[in-house]
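Below are the chains, spelled out letter by letter.
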Amino acid sequence: MSDVASEVIAVIAKKKRVDKPNVELSDRLDDLGLESLNAVEMIFDLEEKFNIEIPYNANTNNPSTEFGTVGDVVKAIQQLVDKKS
Amino acid sequence: MSDVNRVVVTGLGAVTPLGHTAATYWANLKQGVNGIGPIKLAATPEELTQKVAAEVKDFDPLKHFEERQLSTLDRVSQFAVVAAREAIAQAAITFDMPLSLRTATIIGTGVGGQTTLDESFRRIYLEKKSRVFPLTIPKLMVNAPASQISVFCGLRGASFAVASACASATHAIGLAFHMLHSGAVDCAVTGGAEACITFGTLRGWEAMRVMAPDTCRPFSIDRKGLVLGEGAAMLVLEPLERARARGAQILGEIVGFGMSADAADLTAPDQGGMTRAMEGALADGKLAVQNIQYINAHGTGTAANDATETQARHRVFGAHAGKLAVSSTKSMVGHALGAAGALEMVATLLAVREAIVPPTIGYLGPDPACDLDYVPNEARALTIGAALSNSFAFGGLNAVLAVKKFS
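Rules of the game
Residues numbered from 1 in each chain as written. Chains lettered and ligands numbered in written order. Predicted model: local features only at pLDDT ≥ 70, side-chain atom pairs only at ≥ 80, totals over all residues. Pairing = 2+ DSSP bridges. Helix = DSSP H or I, 4+ residues; strand = E, 2+ residues; numbered from the N terminus. Axes fitted to C-alpha atoms, helices over the stretch in contact; angles between N-to-C directions. Contact = placed C-beta atoms within 7 Å. Left-handed = near helix turned anticlockwise from the far one by under 90°. Nonpolar A, V, L, I, M, F, W, Y, C, P; charged D, E, K, R; others polar. Buried ≥ 20, exposed ≤ 12 C-beta atoms within 10 Å, placed from the backbone.

This paragraph deals with the sheet that holds strand S13 (residues 386-393) of chain B. Residue and element names in this part refer to chain B. Spatial strand order, S5-S4-S6-S7-S1-S8-S14-S13-S9-S10: ten strands in an open sheet with mixed pairing. A single partner strand is all that each edge strand has here, and the edge strands are strand S5 (159-162) and strand S10 (325-327). Adjacent strand axes in the sheet meet at a mean angle of 25°, parallel and antiparallel pairs treated alike. Examined bridge by bridge, strand S4 (residues 103-108) and strand S6 (residues 187-194) share six bridges and lie parallel to one another. Within the sheet, the bridge partner assigned to threonine 103 lies in S6 and is cysteine 187. Strand contacts of helix H12 (residues 340-354): strand S1 (7-15), S4, S6, strand S7 (231-239), strand S8 (252-261), strand S9 (292-296), S13 and strand S14 (397-404), with the helix running at about 170° to S13, the strand carrying the most contacts.

As structure tokens, this is what we get:
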């Protein structure tokens, strides 16, 4: 697993709103209680950790096309980190 | 209904993104004018991600106050006093003794003197100044608008601020209504004021990820969130008997007030809390659901609020829900937080009085989750016997006022 993936998982593990021992790439954000407004603290922590800006609007984020799973978040963060460097 | 303890409205005032008087505000609401535009008030707006807000435009405090008075008046208190003076002038009432002692000043505000707070933080943290202006504290306190109205207008009865975020003004007006209804006071100046379009406040709202980048489209497909607004609106309330005795013009009647708390999530809207507040207002006003023809919705334009509010309306009104006209004037003046309920109460009272429903502008088409009649884009003539004005705040605090056509 990449560094980005393990760091994203660490953030999500801290912010998830359900009891689940391990966070995996295939986990759905809504199953972790991190949909809509509940995701904003996670987004903030990720922006701070990677010094990036993540475009996210709680009103228009569609879990089926955008941040659906933990893996989707990892992919998006990796792209933003790559773009920065 | 016996005339005892009936509460009527005899004066209205407003400072809004659509004009600096209640009359211009209402004329523009009926025309569907959009008060939302580029942010100019915040320091360094170019650094902000959020680009639009509904600002009160071309407000010159020196037209309303002497320069020496402005050292104690944050923008929020300026709005409050200007709107209160207008309402009192329209009511044509003089607060001599003993009426002054029996007149309440109950004013909603969500966040108080944000301009003063922002300026003093810039001085301290950015400019590294070692001191701030001497009247920083009394300018920014949340009760400043209530205190300043009492000072400028000579009102010596119960006076305080009500803070319940986006429901502040509705709670304030409801409380004033109940105080008049119970006979605790003989007159009230009540409403809400907010002036929150500052760099720091906007950063806070940006961080919540609920702001629309373009405009506010309540209940519409493709709505993208809320737009911040500002302003003030004030009402003069009196018992019917007193208003009649002095030959006052009666603009409308408040008949019911309902409140509830979600006791759940701080930010997620709750159908149960909304339902209980609407049912409370109907019961307080002895109104059946069929008596209501119009609802001025909370209608923030967020995905969650508008869908949840629609569900709550189905729950309260059943089959009658489909017959209601529902509109959100936030589509035109944005979300003025603690002032919103007062701006919307003025719109609701005038809609009932003139039999015209202001529209929900920016409406692009129906969202399956919002399946009621939202009076899209154009005002509509409608005889309204009774109406509700809804406010559902962050913190899960809900307040609903019921008004009736005065007869």
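From this point, things continue past the structure.
All names here are of chain A. At a minimum axis distance of 10 Å, the contact between helix H1 (residues 3-15) and helix H2 (residues 40-50) shows a crossing angle of 145°. Here the hand of the crossing between H1 and H2 comes out right-handed. Across the interface between the two elements, Glu7, Val8, Val11, Ile12 and Lys15 from H1 touch Glu41, Met42, Asp45, Leu46 and Lys49 from H2. Partitioning the contact of H1 with H2 into residue classes produces five nonpolar, no polar and five charged.

Residue and element names in this part refer to chain B. The linkage connecting methionine 97 with the following residue, proline 98, adopts the cis geometry, with an omega of 0°. With respect to the secondary-structure elements, proline 98 resides in the loop between helix H2 (75-91) and S4. Unlike most non-glycine residues, threonine 44 shows phi in positive territory, near 45°. By the secondary structure assignment, threonine 44 is in the loop between strand S2 (37-38) and strand S3 (52-53). What makes threonine 44 exposed here is the crowd of 8 C-beta atoms within 10 Å. Phi is positive for leucine 337, which is not a glycine, with a value near 45°. Within the secondary structure, leucine 337 is located in the loop between helix H11 (330-333) and H12. Judged by C-beta crowding, with 30 C-beta atoms within 10 Å, leucine 337 ranks as buried.

Right, let's get into the environment of glycine 35 of chain B. All names here are of chain B. With respect to the helices and strands, the residue glycine 35 is situated in the loop between helix H1 (22-31) and S2. Sequence separation between glycine 35 and leucine 18 is 17 residues; the distance between their C-alpha atoms is 5.5 Å. In this structure glycine 35 touches Thr16, Pro17, Leu18, Ala54, Met332, Val333 and Gly334, once residues within four positions along its chain are discounted.

This part covers the environment of glycine 113 of chain B. Residues and elements named next belong to chain B. Tracing the sequence through the fold places glycine 113 in the loop between S4 and helix H3 (114-126). When the C-alpha atoms of glycine 113 and asparagine 143 are compared, they prove to be 9.4 Å apart, with 30 residues separating the residues in sequence. Every residue in contact with glycine 113, bar those within four places of it in the chain, is listed here: Asp74, Val76, Lys139, Leu140 and Ala144.

Geometric values such as these leave the question of function open.
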